[in-house]
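# Architecture at a glance
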Amino acid sequence: MKSGNHDTRRSGARASGRQLGRCLAGVALTALAAGSLPGTANAQEEGEEAQASDKPILVTGTRIRGIDPTGSNVIAIGNDEFDNSLIISAQDLVNQIPQNEGAGFNEATFAQVFVGANTTRAGSVNLRGVGNSATLMLLDGHRIVPSGTGSTLSDPSDIPISATQRVEVIADGASAIYGADAVAGVYNVILRRDLDGVEAKAVYGFADDMDQWSVAIAGGQVWSTGQVMLAYEHMERSSLSGFDRSFYKSDNTPEGGTDYSSVQCNPGTLNVNGQSYPIPAGGNVTPADLVAGAPNRCDLTSYNDLLPNQNRESLAMTFEQDFTDWLQLSLAGIYSHRTFDGDFTTQGPSRTEQTLVIGAANPYLVLPAGVTPMGPVTVDYSFLPEYGALTYSGYNKRYEIIGGFNISLPSDWKVWLGGVYGYGHAFQTQPNYSRSAAGAALNTPDPAAAFNPFGGNSTDLIDGIYSDVFAPYGTNKIRVFELRGDGPLFEMPAGTARMAVGYEFAKNSFFGGSLLGSAANPSTNPSYIDRKVHSVFSEIYLPLVDSDGFGTLDLSAALRYDDYSDFGSTTNPKVGLTYEPTDGLTFNASYGTSFRAPQLDLLPIRKQVALISSGTRLDPTRGNVQVPTISIIAGNPDLEPEEATTWSFGATWEPASVPGLRANINYFSLKYTNQITSINNDPSVLARRSEYGDLITEYPTGISGAGVLALPEVQALIAEGVLPAFSPAGTYFYVIDGRAYNLGASKAEGLDFDLSYNMDLGSGNLTTRVNGSYFLTYKTRRTDVSPTLDQLNTLSFPMRFKARGTLFWSTDKYDLGAYASFTNAYQNPVSSNITDVSAHLTFDLHAATHLDLGGIETTLAVDARNVFDKDPPFVDVDGGYDPYQASAVGRLVTVSLSTKF
């Protein structure tokens with residue numbers, strides 16, 4: 001049995017770690033002040049070395065070598081920038097991109113408003129805020145296998161930062177280039193192929209009540225006909241308990257907000273004939289002690305871990321070898337294994353809070369004086385003091401191999417013949433309430449085996465009640481065959497026309513389910529589904545004009561045809577224009593269509609999560625209180641692909657008269673239709689009943705658990721062998737159809753901006769930069785019959801304005817950086833008490849010294865994220881803050897030591 005108290009041993013270990021970290025920080029600051037130490041070359045030389053290669057570079061957003069994507073902006077972050085701010089993992093890098101919206105999966109979130117559950121606590125990329133599944137993640141321009149128990153997520157942190165040459169982001173539709181899922185854009189991780197030597201880095205970081213550390217080593221060799229690179233990283237981070245953050249709670253009444261605390265407590269509340277009788281503390285309850293009144297309430301949120309304990313091992317490699325002057329072998333691969341565990345009170349079907357139905361034969365049953373039951377007697381009860389918080393644990397592993405041949409043909413044409421194989425497997429397990437064991441204990445007349453709802457139960461009895469298990473699992477595989485070529489077509493007055501053509505065959509498969517029931521003999525509901533896609537594509541680049549009077553005008557056009565084994569076919573074009581009227585001034589514009597096929601785990605009728613789920617929802621028609629509800633969750637084989645149309649245009653100015661100045665502004669428009677969504681994850685679902693039509697059914701006087709199982713939609717699923725044969729205890733007032741449907745539509749418009757000035761001051765280099773995103777509109781329509789709503793600046797949707805400012809000073813010896821991250825104020829429609837959420841501004845600091853220790857280039861750095869330890873803004877929701885927009889960690893200080901030799 002677990003203790004219900006906070007784990008003081010874990011806190012003690014964290015405290016020791018913080019003391020060590022502060023000692024290391026002191027040593028580092030001393031070294032930073034030692035100006036007499038010899039310096040090393042600037043870290044930017046590595047990026048310049050990469051650019052010095054004479055090989056044509058293939059940039060994200062085009063399949064044609066040696067050109068930039070016409071009409072689209074590429075956000076590129078090079079390896080030399082990773083050490084200039086606190087980037088420990090690839091997810092840290094994602095979070096610093098303003099075009100990435102917080103309203104997506106991260107390791108602090110379990111569910112989100114779009115679709116799905118993040119049971120393995122993975123990270124994600126969510127460009128434009130339309131859902132993490134609408135951003136395509138690539139590795140060296142190739143698709144990457146999903147991770148997690150579903151088929152939605154591609155966690156960027158599975159790729160070692162030490163193995164990454166650069167990250168390129170296209171926040172623009174790119175299905176004509178890369179196929180499905182590139183609706184909002186592409187996040188492409190490019191591995192290192194120019195490392196010649198060995199690099200190593202160790203990082204230790206600490207915040208209040210948590211710490212983390214990582215070590216990384218990468219080695220490579222470059223020779224005249226090839227290269228090899230191997231990289232390894234190990235990361236560990238302790239969990240962050242809800243007890244350790246005072247803002248994390250359910251009862252928000254001290255701030256003027258809503259009381260979201262539970263009515264299932266310990267002592268609990270007896271319910272007889274529709275009347276509540278709060279049970280007094282003490283255990284020895286008499287009939288006279290039970291007086292009708294409001295139920296007991298308790299704040300149980302702190303028992304949840306805000307962040308899980310995480311351990312990650314990751315590997316990456318690249319290899320190239322020229323066999324002849326026309327044939328080259330190219331290989332790349334990654335491997336990642338991540339384990340995690342944490343505490344919770346409610347997750348999926350597992351709950352520490354229950355409504356117990358007490359049989360008349362129970363020897364411990366005490367009824368209020370003078371009360372005769374007219375129906376079932378129930379107790380709203382919490383097992384936390386007796387069992388402690390529930391603990392989930394699991395792992396996620398995946399690997400991917402990319403391999404093939406680059407073949408040089410006459411007339412500067414090159415052909416890639418190769419493929420991809422990717423494998424991902426995830427498993428997560430947690431204890432579950434055994435209804436059979438609880439039912440037996442609640443109904444037996446034997447005092448030695450009976451459960452006492454007034455307290456004093458044995459350890460063995462409680463352990464038996466939580467002897468069931470819930471364990472979702474999933475395996476994803478991808479197999480891709482690729483044949484493509486690119487090269488010049490013909491000469492034009494303004495330059496050489498170039499073209500890329502190709503064919504791809506992809507097979508994606510998903511096998512998943514869940515173990516549910518007795519830990520010794522659980523039931524399972526596995527499902528397997530696969531999808532085959534044949535694709536052909538072409539892209540042409542035409543330099544239309546190049547004259548002194550007019551400037552240059554370039555056109556690109558791409559077309560892709562995909563034939564699906566389960567959805568028919570789709571054709572998607574993209575057109576781009578780049579116009580440079582004079583040196584330093586460039587205009588760009590693009591238009592295209594995109595699509596996303598339904599993720600595989602949403603299609604089988606047997607979905608790998610709890611298929612009937614009970615809980616509470618805030619009901620504005622019943623005094624804005626939490627009311628019991630039932631959600632039906634299952635797959636939907638009738639889902640159709642999502643579709644999108646994207647526009648963008650903008651300008652970049654780099655005046656020759658002001659060297660180092662760069663200004664960019666870009667307008668974007670995204671219209672997303674036939675969106676797959678589940679209303680189950682909408683926190684304000686009951687306030688929007690008019691929008692959801694028959695997906696929500698109200699029962700004004702309540703419906704019992706047996707009545708839920710008798711519902712036609714539930715009976716149809718039972719006939720498929722899907723739902724477990726148990727009846728949820730208690731009375732429920734709403735039944736929510738939480739299956740995925742093609743319900744939604746979104747329209748997003750806004751501006752991206754990036755202003756930077758790089759000044760060489762002789763004694764050093766000073767860089768100032770402000771970049772961000774400003775939404776003009778973000779509108780959604782939940783269903784075909786619901787109104788179009790402006791959701792901009794509201795909880796679980798994109799913010800109007802996000803920006804990051806940089807001030808960075810570098811010399812041969814020192815680096816000093818200051819960063820500011822800003823998110824504007826927004827609205828919380830879930831609350832009727834406090835609807836405003838304050839703006840959030842945090843500051844980061846970076847300091848480093850470059851040393852030459854006997855020919856070994858060494859950098860010692862200290863970083864502080866959220867240096868003023870600012871709490872997240874208060875949000876009147878259960879938990880008191882918004883994990884999609886703000887971190888619960890607070891000030892995180894790290895000390896790092898890196899070497900190159």
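Just so we're clear, the structure is a prediction, and the values are computed from it rather than from any experiment.

The subject of this paragraph is the overall build of the protein. When helices and strands are tallied, the protein shows eleven helices and 43 strands. Of all 901 residues assigned to the protein, the portion counted as buried reaches 57%. Taking contacts inside the protein between residues at least 6 apart in sequence as the whole, the part at least 24 apart equals 72%. Per element, the accessible surface of the protein, about 34,500 Å² overall, is 58% carbon and sulfur.

With that settled, consider the pattern of salt bridges. Enumeration according to the criterion identifies 26 salt bridges in this entry. Residue D737 pairs with R739 through a salt bridge whose shortest N-O separation is 3.0 Å. The same class applies to D737 and to R739, which are both buried. One salt-bridge network, in which partners are shared between bridges, spans R63, E504, R560 and D562.

What follows covers the sheet that holds strand 2 (residues 135-139). Ordered by their spatial adjacency, five strands build an open sheet running 1-4-5-2-3, and the pairing between neighbours is mixed. Two strands bound the open sheet, and with one partner strand each, they are strand 1 (75-78) and strand 3 (142-143). Where strand 4 (residues 164-170) and strand 5 (residues 185-191) come together, six bridges link them in antiparallel fashion. Residue pairing in the sheet places V169 in a bridge with Y187 of strand 5.

As a further point, take empty space enclosed by the protein. Rolling a probe over the atoms, with the probe sized like a water molecule, indicates the empty space that remains. Enumeration over the complete set of coordinates arrives at twelve cavities of 30 Å³ or more. Approximately 630 Å³ is the volume found for the second largest cavity. Along the walls of the second largest cavity sit 37 residues, with L136, R143, P146, D181 and N508 positioned nearest its centre. Every element with two or more residues in the lining of the second largest cavity is listed here: strand 2, strand 21 (468-492), strand 22 (495-518), strand 24 (527-547) and strand 25 (551-564). Examining the composition of the lining of the second largest cavity, we find that five residues originate from one element, strand 22, more than from any other.

When you line up the elements, R531 lands in strand 24. Note on R531: relative accessible area 6%, which makes it buried. Within the structure, R531 has its side chain in polar contact with the side chain of D566 (distance 3.0 Å). Sequence-distant contacts of R531, defined by excluding residues within four places in its chain, comprise A506, K507, N508, Y564, S565, D566, F567, A597, P598, L600 and L603.

The subject of this paragraph is the packing of aromatic side chains. Following the criterion strictly, the structure yields 31 aromatic pairs and no others. When the ring of F383 is compared with that of F451, the centres are 5.6 Å apart and the planes differ by 40 degrees; the resulting orientation is tilted. You can see F383 sitting in the loop between strand 18 (377-382) and helix 6 (384-387) and its partner F451 sitting in the loop between helix 7 (435-443) and helix 8 (459-465), a full 68 residues away along the chain. For F383, a relative accessible area of 1% translates into the label buried. When the centroid spacing of 5.5 Å and the interplanar angle of 85 degrees are considered together, the rings of F668 and F775 count as edge-to-face. Here F668, found in strand 31 (residues 661-677), pairs with F775, found in strand 35 (residues 765-781); they are 107 residues apart in sequence, far enough to count as distant. Neither F668 nor F775 differs from the other in exposure class; each is buried.

Let us now look at the state of the cysteines. Under the criterion given, the structure shown has one disulfide. Paired through a disulfide, C265 and C298 show a sulfur-sulfur distance of 2.2 Å. Torsion about the S-S bond of the C265 and C298 cystine: about -100 degrees, corresponding to left-handed handedness. Taken together, the positions of C265 in the loop between strand 9 (240-241) and strand 10 (269-272) and C298 in the loop between strand 11 (275-278) and strand 12 (305-307) put the pair 33 residues apart, joining distant regions of the chain.

Regular strands have side chains that alternate between both faces of the sheet. As paired strands, strand 38 (residues 814-823) and strand 41 (residues 840-853) are joined by ten bridges and run antiparallel to one another. Across the sheet, A820 pairs through a bridge with F843, a residue of strand 41. Pairing between strand 41 and strand 42 (residues 856-865): nine bridges, direction antiparallel. Across the sheet, residue H850 finds its bridge partner in strand 42, namely T859. Between the antiparallel neighbours strand 41 and strand 42 lie two residues, among them G854 with a positive phi of about 60 degrees.

For residues with low pLDDT, the predicted coordinates do not support detailed interpretation. Mean pLDDT for the protein: 86, with 89% of residues reaching 70 or above. Segment residues 1-53: pLDDT under 50, and 96 contacts once partners within four positions in sequence are set aside and those in other chains are kept. Note on residues 111-116: pLDDT under 50 across the span, and 32 contacts to partners over four residues away in sequence or across chains.

What follows concerns the sheet that holds strand 18. Taking strand neighbours across the sheet as the criterion, the four strands line up as 11-10-18-17 in an open arrangement whose pairing is antiparallel. Only two strands of the sheet have a single partner each, and these edge strands are strand 11 and strand 17 (353-358). Direction aside, neighbouring strands of the sheet carry axes that sit 25 degrees apart on average. Where strand 10 meets strand 18, three bridges bridge the pair, whose relative direction is antiparallel. Note on strand 18: the bridge partner recorded for L270 is V379.

Attention now goes to the environment of A589. In this fold, A589 is placed in strand 27 (residues 585-596). Along the backbone, A589 and Y579 are ten residues apart, and their C-alpha atoms lie at a distance of 8.8 Å.

Right, let's get into a nonpolar patch on the surface. Together, W213, V215, I217, Y232, L315, Y335, Y399, I401 and Y421 make up an exposed nonpolar region whose accessible area comes to about 740 Å². Those elements that place two or more of their residues in the nonpolar patch are strand 7 (210-223) and strand 19 (390-409). Sort the elements by how many residues they give to the nonpolar patch and strand 7 lands first, with three residues. Checked against the element boundaries, Y335 lands in strand 14 (residues 327-344). In this structure Y335 comes out as partly exposed when scored by relative accessible area, which is 33%.

To continue, consider the environment of Y364. With respect to the element layout, Y364 can be found in the loop between strand 17 and strand 18. Considering only alpha carbons, one finds Y364 and P447, 83 residues apart in sequence, at a separation of 7.7 Å. Side-chain polar atoms of Y364 contact the backbone oxygen of P447, separated by 2.8 Å.

Among the nonpolar cores identified, the biggest contains 46 residues, and L139, I159 and Y187 are the most heavily contacted of them. With residues near it in sequence (within four places) discarded, I159 still touches A90, M137, L139, I144, T164, V189, L191 and I334. Listed in part, the 28 residues of the second largest apolar core include V272, Y387, L442 and F454.

In this section: helix 7. Residue pairs three or four apart in sequence face the same way in an α-helix, which turns once every 3.6 residues. Buried residues of helix 7: A438, A441 and L442, and no others. Looking straight down helix 7, one finds that the buried residues subtend no more than 100 degrees of arc, so they occupy a single side. Looking at the packing, one finds that the buried side of helix 7 touches strand 17 and helix 8.

Turning our eyes to something else, we now look at unusual backbone geometry. Following N266, the chain continues to P267 via a peptide bond in cis, the omega torsion being 5 degrees. Examined against the element boundaries, P267 turns out to sit in the loop between strand 9 and strand 10. Positive phi, close to 65 degrees, is recorded for D412, a residue that is not glycine. By the element assignment, D412 lies in the loop between strand 19 and strand 20 (413-432). Here the phi dihedral of S796 falls at roughly 75 degrees; this positive angle occurs in a residue that is not glycine. For S796, the position within the fold is in the loop between strand 36 (788-790) and strand 37 (801-810).

What follows deals with the side chain of R560. By secondary structure assignment, the location of R560 is in strand 25. Overall, the relative accessible area of 2% leaves R560 in the buried class. Within the structure, the side chain of R560 is placed 3.4 Å from the backbone oxygen of I177, a separation counted as a polar contact. Engagement of the side chain of R560 in a polar contact is seen with the side chain of E504, the distance being 3.0 Å.

Definitions and limits used
- Position numbers for residues start from 1 in each chain and track the written sequence from start to end.
- Two thresholds apply to this predicted model, a pLDDT of at least 70 for residue-level local features and 80 or more for giving and counting side-chain atom pairs, whereas whole-chain, interface and lining totals are computed over all residues.
- Based on all heavy atoms of the structure, the side-chain values leave hydrogens and waters out of the count.
- Helix and strand assignments come from DSSP, with helices taken as H or I runs of at least 4 residues and strands as E runs of at least 2, each series counted from the N terminus.
- Burial status follows relative accessibility: with a 1.4 Å probe on protein chains alone, a residue under 20% of its type maximum counts as buried, one over 50% as exposed, and anything between as partly exposed.
- Working rule for contacts: check all heavy atoms of both residues, and any pair within 4.5 Å makes them a contact.
- Areas reported as accessible are Shrake-Rupley estimates using a 1.4 Å probe. Residue values count occlusion only from the protein chains shown.
- Salt bridges are defined as contacts in which a side-chain nitrogen from Lys or Arg sits within 4 Å of a carboxyl oxygen from Asp or Glu.
- Whether two strands pair depends on DSSP finding at least two bridges between them.
- Cavity and pocket criteria rest on a 1 Å grid covering protein atoms alone: a 1.4 Å probe that fits but cannot get out defines a cavity, protein on both sides within 12 Å along at least 5 of 7 lines defines an open pocket, and an atom within 4 Å of a point defines a lining residue.
- Grid points are joined across faces, edges and corners, and a volume is the space filled by probe spheres set on the points.
- Definition of a polar contact: a pair of N or O atoms within 3.5 Å, with one able to donate and the other able to accept a hydrogen when the atoms are protein atoms, and with sequence-neighbouring residues admitted only if both atoms are side-chain atoms.
- Pairing of aromatic rings covers Phe, Tyr and Trp, the last through its six-membered ring, and needs centres within 6.5 Å; plane angles under 30 degrees mean stacked, over 60 mean edge-to-face, and all others mean tilted.
- Criterion for a disulfide: a pair of cysteine sulfur atoms within 2.5 Å.
- Within a predicted model, pLDDT stands for the predictor's per-residue confidence, ranging from 0 to 100.
- Simply put, an axis is a line fit to the C-alpha atoms, just over the touching stretch for a helix, and the angle between two N-to-C directions goes from 0 to 180 degrees.
- Patches in this entry comprise residues that are over 30% relatively accessible and not in a salt bridge; like charges within 9 Å are linked, as are nonpolar side chains (Val, Leu, Ile, Met, Phe, Trp, Tyr) within 5 Å.
- For the purposes of this section, nonpolar cores are sets of buried Ala, Val, Leu, Ile, Met, Phe, Trp, Tyr and Cys residues that join through side-chain atoms within 4.5 Å.
- An arc is given here, and it is the one of the directions from the helix axis to the C-beta atoms.

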